[in-house]
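# Working through the structure, step by step
Listed here are the chains, written in short residue letters.
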Amino acid sequence: MIITVAAFKGGVGKSTTALHLATYLQTKADTLLVDGDLNRSALDWSNRGRLPFKVADEKQGVNLARFYEHIVIDTPARPDADELKTIAKGCDLLVIPTTPDAIALAATLQMVDVLQKLKTNYRILLTIIPPNPNKAGEDAKTALEGAQLPVFKSKIRRLAVFQRAALEGVPVNAVKDPYARIAWRCYAEVGEEILP
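Residues numbered from 1 in each chain as written. Predicted model: local features only at pLDDT ≥ 70, side-chain atom pairs only at ≥ 80, totals over all residues. Heavy atoms only, no water.

Right, let's get into the packing of aromatic side chains. Describing an aromatic ring pair means giving the distance of the ring centres and the angle of the ring planes. One pass over the structure, following the stated rule, counts one aromatic pair. Taking the centre distance of 5.7 Å and the plane angle of 85° together, the rings of F162 and Y187 count as edge-to-face. Residue F162 is located in helix 7 (residues 161-168), and its partner Y187 is located in helix 8 (residues 180-194); the two are separated by 25 residues in the primary sequence. (Phe/Tyr/Trp six-rings, centres within 6.5 Å; stacked < 30°, edge-to-face > 60°. Helix = DSSP H or I, 4+ residues; strand = E, 2+ residues; numbered from the N terminus.)

Another point: the layout of surface pockets. There is about 370 Å³ of room inside the largest pocket. As for the largest pocket, its lining consists of 18 residues, of which V34, E58, I73, T75 and I87 are closest to the centre. The set of elements that each furnish at least two residues to the lining of the largest pocket consists of strand 1 (2-5), helix 3 (58-64), strand 4 (70-74) and helix 4 (81-89). Here the lining of the largest pocket is built from residues that sort into nine nonpolar, six polar and three charged. (1 Å grid on protein atoms, 1.4 Å probe; cavity = no way out; pocket = protein on both sides within 12 Å on 5 of 7 lines; lining within 4 Å. Points joined across faces, edges and corners; volume = space filled by probe spheres on them. Nonpolar A, V, L, I, M, F, W, Y, C, P; charged D, E, K, R; others polar.)

This part covers the environment of A77. By the element assignment, A77 lies in the loop between strand 4 and helix 4. When the C-alpha atoms of A77 and G10 are compared, they prove to be 5.7 Å apart, with 67 residues separating the residues in sequence. If sequence neighbours within four positions are ignored, A77 has contacts with A7, G10, K14 and D37. (Contact = heavy atoms within 4.5 Å.)

Per the UniProt annotation, the sites labelled "domain: CobQ/CobB/MinD/ParA nucleotide binding" (unreviewed entry) are residues 3-172. When the span residues 3-172 is considered, its composition is 43% helix and 16% strand, and the gap between its end C-alpha atoms is 20 Å. (UniProt positions renumbered as here; feature names shortened; annotations may be inferred.)

The final tally for this structure, using the stated rule, is 12 salt bridges. Across the salt bridge formed by D37 and K14, the nearest N and O atoms sit 3.1 Å from each other. You can see D37 sitting in the loop between strand 2 (31-35) and helix 2 (41-48) and its partner K14 sitting in helix 1 (residues 14-26), a full 23 residues away along the chain. Among the residues examined, D37 registers a relative accessible area of 7% and is labelled buried. The salt bridge involving E138 is made with K155; its shortest N-O contact spans 2.7 Å. Residue E138 is located in helix 6 (residues 136-146), and its partner K155 is located in the loop between helix 6 and helix 7; the two are separated by 17 residues in the primary sequence. The class of K155 is partly exposed, set by a relative accessible area of 21%. Counted as one network, the salt bridges with shared partners bring together K14, D37 and D74. (Salt bridge = Lys/Arg side-chain N within 4 Å of Asp/Glu carboxyl O. Buried < 20%, exposed > 50% of the residue type's maximum accessible area, 1.4 Å probe, protein only.)

Attention now moves to the packing of helix 1 against helix 8. The geometry of helix 1 relative to helix 8 is characterised by a closest axis approach of 9 Å and an angle of 70° between their N-to-C directions. On the basis of the axis angle, helix 1 is roughly perpendicular to helix 8. Where helix 1 crosses over helix 8, the two elements pack in a sense that is right-handed. In contact with T16, T17, H20, L21, T23 and Y24 of helix 1, helix 8 contributes W184, Y187, A188, V190, G191, E192 and I194. When its residues are assigned to classes, the contact of helix 1 with helix 8 shows seven nonpolar, five polar and one charged. (Axes fitted to C-alpha atoms, helices over the stretch in contact; angles between N-to-C directions. Parallel < 35°, antiparallel > 145°, perpendicular 65-115°, else oblique. Left-handed = near helix turned anticlockwise from the far one by under 90°.)

Let us look at the pairing of strand 5 (residues 93-98). Most of strand 5 is tucked away: six of the six residues are buried. Residues L93, V95 and P97 line one face of strand 5 and the alternating positions L94, I96 and T98 line the opposite face, and both faces are buried. You can see the chain leave strand 5, run along helix 5 (residues 102-118) and come back into strand 6 (residues 122-126), and the turn it takes is right-handed. (Right-handed = clockwise from strand over helix to strand, strands pointing away.)

What follows is the structure, encoded as structure tokens:
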């Protein structure tokens, strides 16, 4: 399975999502994470510590892909329409992370507009959801579902342990922190929706 993670807006947890989906898929079969983001966030993350799967840039990924059952691709932020067409054609599922704020949701809707013309298999993932009593996550999910857009049932909570995981160079489930289990469960539930 090839899963691509893309967003029209930066700062929505795109690389974190790619990395944790790869972590989940590695529990099912050998997984490769291709870091196509210009910031090389996933490669930087892996260079700081130890990840349970292989991370490669695009050039290495082309040569390594045949050895892996699952491939997750982290794309550059804000792809243009032509790049998005190429990204969409080359995957089984396009995951679009978005925060529940108005600016991120507007960018997501612009991306969806392009994707609907391409007849692409995509799903929107709400990320960096603020804690209760803030209802932004629920309100955003209701609005997206009301627009009849495909949205993951699971949402990713805003938790500081994700930043700690990046600093340590490990997935969040390898961090020694009381919130690590909660944070991992968020992504594991997304993974179960993709590949039970």
